[in-house]
Amino acid sequence: MSRILVVGSGASGVHFALTALERGHEVTMLDVAHQRPAPVLPAATFDQLKSELPDPVAYFLGEQGEGVVYPAPEGSYYGHPPSKQYVFDIPRGFAARASAMEPLFSFARGGFAEAWTAGAYAFNRTDLQDFPFGYEELERCYVRVARRIGIGAVADDLERFIPLGEGYLPPLPFDPHSQWLWDRYHARRERLQRSLGFYLGRSRVATLSQPQGDRQPCAQLGRCLWGCPSEAIYTPVATLRECLTRPRFRYVPGVLVRHFEFDAAGRITRLIARRIADGESLEFEGELVALAAGALASSKIVLDSLYRRSGRLAVLPGLMDNRQVHVPFLSPRMIGHPVRTASYQYHHLAIGIERATAQDYVHGQITTLKAASIHPIVQSLPLDLRGALGLFRAMRAGLGVVNLNLADRRRADSYLTLCPLAGSDETELQIHYADDPSEAAEIREAIRILKRALSALGCFVPPGMTRVRPKGASVHYAGTLPMSPSPGEFSCDPAGRSHDFPNLYIVDGAGFPFLPSKNLTFTLMANATRIAERM
Amino acid sequence: MTQASPALEPLGVECRVFCRYLVAQEPTPYVLSCYQRARAPGSEGAFPLVDRAALALARRGAGPARVADAYSRMFRPYGPLRRRLILLLAILENSPPSDRPLNAAREGSRPAIVTGMVLTLLVGGVCLLAGMLLLGPLHLAGKLGGATR
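Nothing here was measured: the structure is a model prediction, and the numbers come from that model.

A count of helical and extended segments in chain B gives seven helices and zero strands. Helices and strands in chain B line up, N terminus first, as α-α-α-α-α-α-α. Seen through its principal axes, chain B has C-alpha atoms that stretch 50 × 45 × 20 Å. A sequence separation of at least 24 residues applies to 72% of the contacts in chain B between residues at least 6 apart.

Take the sheet that holds strand 5 (residues 249–253) of chain A next. Within a sheet, each strand pairs with its neighbour through backbone hydrogen bonds, oriented either parallel or antiparallel. Residues and elements named next belong to chain A. Reading across the sheet, the five strands line up as 5-2-1-9-19 and stay open at both edges, with parallel pairing between neighbours. Where the open sheet ends on each side, the last strands, each with one partner, are strand 5 and strand 19 (504–506). Looking at each pair of strands side by side, their axes are set apart by 20° on average, direction ignored. The pairing of strand 1 (residues 3–7) with strand 9 (residues 288–291) spans four bridges and is parallel. Within strand 9, the residue paired with Ile 4 across the bridge is Leu 288. Relative to strand 2 (residues 26–31), helix 1 (residues 11–22) is tilted by about 165°, and along the sheet it contacts strand 1, strand 2, strand 5 and strand 9.

Now for the nonpolar core. Of all hydrophobic cores here, the largest spans 207 residues; its most connected members are A:Ala17 and B:Leu88. In this structure B:Leu88 touches B:Cys15, B:Phe18, B:Cys19, B:Leu22 and B:Tyr35, once residues within four positions along its chain are discounted.

Turning to unusual backbone geometry, a few remarks are in order. In this structure, B:Pro97 follows B:Pro96 across a cis peptide bond, with omega equal to 5°. Mapped onto the elements of the fold, B:Pro97 is located in the loop between helix 5 (80–93) and helix 6 (99–103). The phi angle at A:Val475 is positive, at roughly 60°, despite the residue not being glycine. Mapped onto the fold, A:Val475 is located in the loop between strand 18 (467–468) and strand 19. With 24 C-beta atoms packed within 10 Å, A:Val475 lands in the buried category.

Taken together, the 44 residues of chain B in the interface contact 36 residues of chain A. At the level of elements, helix 1 (9–23), helix 4 (62–75), helix 5, helix 6 and helix 7 (110–145) of chain B are the ones that each hand at least two residues to the side of chain B that touches chain A. Per-class residue counts for the side of chain B that touches chain A are 25 nonpolar, eight polar and eleven charged.

Turning to the sheet that holds strand 7 (residues 268–275) of chain A, a few remarks are in order. Residue and element names in this part refer to chain A. Ordered in space as 6-7-8, the three strands form an open sheet in which the pairing is antiparallel. Every interior strand has two partners, whereas the edge strands, strand 6 (255–262) and strand 8 (281–284), have only one. Direction aside, the axes of adjacent strands within the sheet are offset by 30° on average.

On to helix 11 (residues 439–456) of chain A. Residue and element names in this part refer to chain A. The terminal C-alpha atoms of helix 11, which comprises 18 residues, lie 26 Å apart, in line with the 26 Å expected from a rise of 1.5 Å per residue. Considered for burial, the residues of helix 11 that qualify are Ala 446, Ile 449, Leu 450, Ala 453 and Leu 454. The arc enclosing the buried residues of helix 11, seen along the axis, measures out at 135°, which places them on a common side. Residues of helix 11 that are exposed and point more than 90 degrees away from the buried face comprise Ala 440, Ala 441, Arg 444, Arg 448 and Ser 455. Just past helix 11, the residue Gly 458 takes up positive phi, approximately 95°.

Turning to the confidence of the model for chain B, a few remarks are in order. All names here are of chain B. Model confidence for chain B is summarised by a mean pLDDT of 89, while 91% of its residues fall at 70 or above. Below a pLDDT of 50 lies the segment residues 1–8, which in the model reaches 13 contacts outside its immediate sequence neighbourhood of four places, other chains included. Predicted complex metrics record ipTM = 0.93 and pTM = 0.94.

Residues and elements named next belong to chain B. Two elements in contact, helix 3 (residues 49–58) and helix 4, have axes separated by 7 Å at closest approach and are oriented at 150°. Considering their axes alone, helix 3 and helix 4 lie roughly antiparallel with respect to each other. Where helix 3 abuts helix 4, its residues Ala 54, Leu 57 and Ala 58 lie against Pro 64, Ala 65, Val 67, Ala 68, Asp 69, Tyr 71 and Ser 72. For the contact of helix 3 with helix 4, the per-class residue count stands at eight nonpolar, one polar and one charged.

The rules behind these values
- Residues numbered from 1 in each chain as written.
- Chains lettered and ligands numbered in written order.
- Predicted model: local features only at pLDDT ≥ 70, side-chain atom pairs only at ≥ 80, totals over all residues.
- Helix = DSSP H or I, 4+ residues; strand = E, 2+ residues; numbered from the N terminus.
- Contact = placed C-beta atoms within 7 Å.
- Pairing = 2+ DSSP bridges.
- Axes fitted to C-alpha atoms, helices over the stretch in contact; angles between N-to-C directions.
- Core = buried A, V, L, I, M, F, W, Y, C linked by C-beta atoms within 7 Å.
- Buried ≥ 20, exposed ≤ 12 C-beta atoms within 10 Å, placed from the backbone.
- Nonpolar A, V, L, I, M, F, W, Y, C, P; charged D, E, K, R; others polar.
- Expected span 1.5 Å × (residues − 1).
- Arc of directions from axis to C-beta.
- pLDDT = per-residue confidence, 0-100.
- Parallel < 35°, antiparallel > 145°, perpendicular 65-115°, else oblique.

Written out as structure tokens, the structure reads:
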């Protein structure tokens, strides 16, 4: 039995902690823990909120309208609602600056997954070929995590790319537009697969279709983006609650871990943190330390620790993030149909596009438009707002968006380092991202294939509305302290143990040596579970 | 729900006109109060001539507002008029009773809906032409003279 300090309560941290507790270890979790507000009117639908809340505009847009999405050159079709602002708030004492990237940070209780869209896709052998362990080692952890969190999935054409193990729930029922796309695909699937390498299947989503523990199944309220009041959409807070029932678990919210101190052999002797409320410095001791603060924040802790001991401004190369592309489309055959806003708001369908090399597989999710903030969409139409509103309402039942993700690889010119801030003992995390020179051609080709596939399904992609999102938008950061079979500076072994600091474990995305196009959150949880099992 | 503040009446007048333009309704006191308390970033301060002209035209009524908006969508998409209209649209889509019609899909016969879409595009084109005639010369003059009076 070891005494373990875990930094962060996100997807990696809670599954690492729960597995370690199940194996008899003593766990102390340190967390900034910005808290989710209590859900308002938990039984109300999206439409009912607007008529039943005393101030619906403050809820949906914020007191000063800070949730309004204004036109911008790289504008988005949606914004983070004020009810999710806590996910992205940065505490005092944490500074970062980025070039060629727009990173987000989360210090929320539950981390970024408080705002995820629940896509839970297992990596396959190809995705893991650069990882220093085999698929078999991760497979049982996927099963374990799937049973913990509840994932809806069925066997379909995407099984070719996404392994489907045990422990899955039945998926949620389709909305009419998703059902129509599904039917159209099945009438044309052989041609789409053969000529375009295009595959469509059900999204694997961590959203309950049946009760599980204290979580209720999806009540079809249309409030996914603003925060599911029944917790049908899994968030790490559910696993944190389970940890809190264990006698060997201690949760310390309200602290920002800044760095660690280590001895001549590199063994960490204590963690140094700052209490958010009053700025007081705190120290924590444990036999083992697990960094699970997210790739960027965990890396900053390592960099700060080196800097404070030796004055060295180290460089961590290999920062990765999935490039995201939003491709809106219209299914003209759906025009004239009603739209039910009280329904599951996120994606029911996922797509896969085969590329020249298996690692370059392009993954996407199709979200048909149900409940939504309409002003970001209406303003993007090339018409005055009155006319755009008329067009939008006419097209609404047939609108959808494909969110494409592209794989990323570690490169030396995408890296993290530190810059000391003048006049204080603080440092700033500096994030340098350089685009892969071949990426633009990959994006163009993926969009071309997708447009042809959508056209074959009877859908139309309006010209000029496809948006390549800035790096950082996917929030899939990884690769700065990678797992490696051979010892090397700023890397960790296949069990997640640092080669530099023998009692330090990297349990979040910083340890990934490759970033496939599939959403990484499910693998973060499974890998953290695997590391805790091997410890 | 809070009530509109009489001290901010010029904004209230603007809100009424823009509301008639966007949803063909008078704003409720709640919508008025929300429009007054929120501030669209970049929608206040000293603007170039064309933005001042677009705002002045839009405040004259629902028809002129559509003309000014059509021009702004194409030639001043990040300007103050678009920002104020988008702010109001965001408020209206979240406020009863305008939320339901704004969030609803048009149902019924597909040919009729498609015909309506074509007509909407035609009207939009006419508004854009009118906007180019009314605001285009001012825009050009402002650019040539660097005028930001």
